[in-house]
Amino acid sequence: MAFLKRRPAAEAQVDFDHLPRHVAIIMDGNGRWAKKRGLPRTAGHAAGAENFRTIATYCKDIGLEYLTVYAFSTENWKRPAEEVSAIMGLLKKYLLEAISRMERDRVKMRFFGDLSPLDPELQALCRRTEEISTHYEGCQVNICLNYGGRDEVLRAAKAFAEDCVRGDQKPGDLTEETFGSYLFSDGVPDPDLVIRPSGEIRISNFLLWQSAYAEFYFTDVLWPDFTKEELNKALAAYQGRSRRFGGV
Ligand code: IPE
Ligand code: IPE
Ligand code: MG
């Protein structure tokens with residue numbers, strides 16, 4: 001075998017005419033990415049934020065309808081205050097830039113999560129981004145911020161119970177569809193594909209209700225290293241799956 005040559009790794013074969021409608025990503029591994037380079041964890045978050053921009057743009061370019069990303073969980077408040085404030089600072093910076101580019105990018109943005117504990121300036125930026133982009137059609141990016149799946153379901157249950165007390169709803173009439181309308185994701189189809197980089201095989205309180213029938217894709221690649229090619233691999237893997245939804 002004297003002439004064996006090293007071939008470039010085969011590119012993932014994606015059928016761009018049959019993409020999943022909705023891809024959700026747990027953007028994990030920023031801290032380990034930084035640690036590997038001897039950098040502070042905050043440098044990993046900066047690299048992760050930059051990568052979010054790259055991947056969101058790619059999703060828009062290939063014609064994906066919905067991208068949902070996990071940016072900060074209801075559990076992430078347990079982190080050191082400096083790390084939390086660095087993440088919030090990066091979010092502000094990103095949103096300010098996004099607002100200035102919105103007319104060009106025309107990406108619709110929504111936030112899933114309870115924004116009320118956030119710094120008022122950041123809350124205002126989130127609201128402004130949603131308002132400006134409300135009429136854009138095409139790609140919709142949902143950013144999960146202070147989001148937890150259990151918190152979301154609890155809130156929905158409470159809001160529904162309140163509507164029952166007011167007489168606007170009846171407990172016996174509750175359907176999955178009606179319950180879904182009380183969630184942050186009201187109006188957004190369930191994710192078809194949930195991706196978790198960083199090697200962890202868990203969902204960490206992400207889209208618990210919505211991902212009931214999602215396909216999962218796990219990879220060891222850390223989020224700041226998760227390139228368009230990595231996304232293509234995930235899309236190709238998804239396209240190779242057989243979704244049965246309980247049928248045959
Ligand atoms: C994900 O990266 C970002 C947030 C949770 C905000 P991590 O900060 O969790 O990175 P690792 O898991 O420590 O590597
Ligand atoms: C999940 O990552 C939350 C986000 C990516 C925003 P974590 O790093 O917080 O999850 P665990 O702690 O490994 O489960
Ligand atoms: Mg993590």
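Predicted model, so just to flag it, every value in this text is computed and none were measured.

1. Some remarks on the pattern of salt bridges
Here is step 1: With the rule as written, the count across this model stands at 24 salt bridges.
Here is step 2: Of the charged contacts in the structure, one is a salt bridge between aspartate 119 and lysine 92, with a shortest N-O distance of 2.6 Å. Highlighted residues: aspartate 119 in the loop between strand 3 (108-112) and helix 4 (120-133) and lysine 92 in helix 3 (residues 81-105), separated in sequence by 27 residues.
Here is step 3: Among the residues examined, aspartate 119 registers a relative accessible area of 34% and is labelled partly exposed.
Here is step 4: For aspartate 105, the salt bridge is made with arginine 104, and the minimal N-O distance between the two is 3.6 Å.
Here is step 5: Of the residues examined, arginine 104 reaches a relative accessible area of 62% and is grouped as exposed.
Here is step 6: Salt bridges linked by common partners bring Asp28, Arg32, Arg196, Glu200 and Arg202 together as one network.

2. Some remarks on the packing of helix 2 (residues 41-62) against helix 3
Here is step 1: Running from amino to carboxyl end, helix 2 crosses helix 3 at an angle of 25°, the nearest separation of the two axes being 10 Å. The orientation of helix 2 with respect to helix 3, classified from their angle, is roughly parallel. The way helix 2 lies across helix 3 gives a crossing that is right-handed. Touching Arg41, Thr42, His45, Ala46, Phe52, Arg53 and Lys60 of helix 2 are Glu83, Ala86, Ile87, Leu90, Tyr94, Glu97, Arg101 and Asp105, all from helix 3.
Here is step 2: Split by residue class, the contact of helix 2 with helix 3 holds 6 nonpolar, 2 polar and 7 charged.

3. What about the site of ligand 1?
Here is step 1: In the vicinity of ligand 1 there are 13 residues, among which Asp28, Gly31, Arg32, Arg41 and Arg79 approach most closely.
Here is step 2: For ligand 1, an oxygen atom lies 2.9 Å from a polar atom in the backbone of glycine 31.
Here is step 3: Measuring from an oxygen atom of ligand 1, one finds a side-chain N or O atom of arginine 32 at 2.7 Å.
Here is step 4: For ligand 1, whose unbound accessible area comes to 370 Å², protein coverage reaches 87%.
Here is step 5: Within the residue set of the shell around ligand 1, elements represented by two or more residues are helix 1 (30-36), helix 2 and helix 3.
Here is step 6: Here the residues of the shell around ligand 1 are counted per class, giving 3 nonpolar, 5 polar and 5 charged.

Each value, and the rule that gives it
Residues numbered from 1 in each chain as written. Chains lettered and ligands numbered in written order. Predicted model: local features only at pLDDT ≥ 70, side-chain atom pairs only at ≥ 80, totals over all residues. Heavy atoms only, no water. Salt bridge = Lys/Arg side-chain N within 4 Å of Asp/Glu carboxyl O. Helix = DSSP H or I, 4+ residues; strand = E, 2+ residues; numbered from the N terminus. Buried < 20%, exposed > 50% of the residue type's maximum accessible area, 1.4 Å probe, protein only. Axes fitted to C-alpha atoms, helices over the stretch in contact; angles between N-to-C directions. Parallel < 35°, antiparallel > 145°, perpendicular 65-115°, else oblique. Left-handed = near helix turned anticlockwise from the far one by under 90°. Contact = heavy atoms within 4.5 Å. Nonpolar A, V, L, I, M, F, W, Y, C, P; charged D, E, K, R; others polar. Near = heavy atom within 4 Å. Polar contact = N/O pair within 3.5 Å; in protein donor to acceptor, adjacent residues only side chain to side chain. Areas by Shrake-Rupley, 256 points an atom, 1.4 Å probe, with all protein chains shown as cover.

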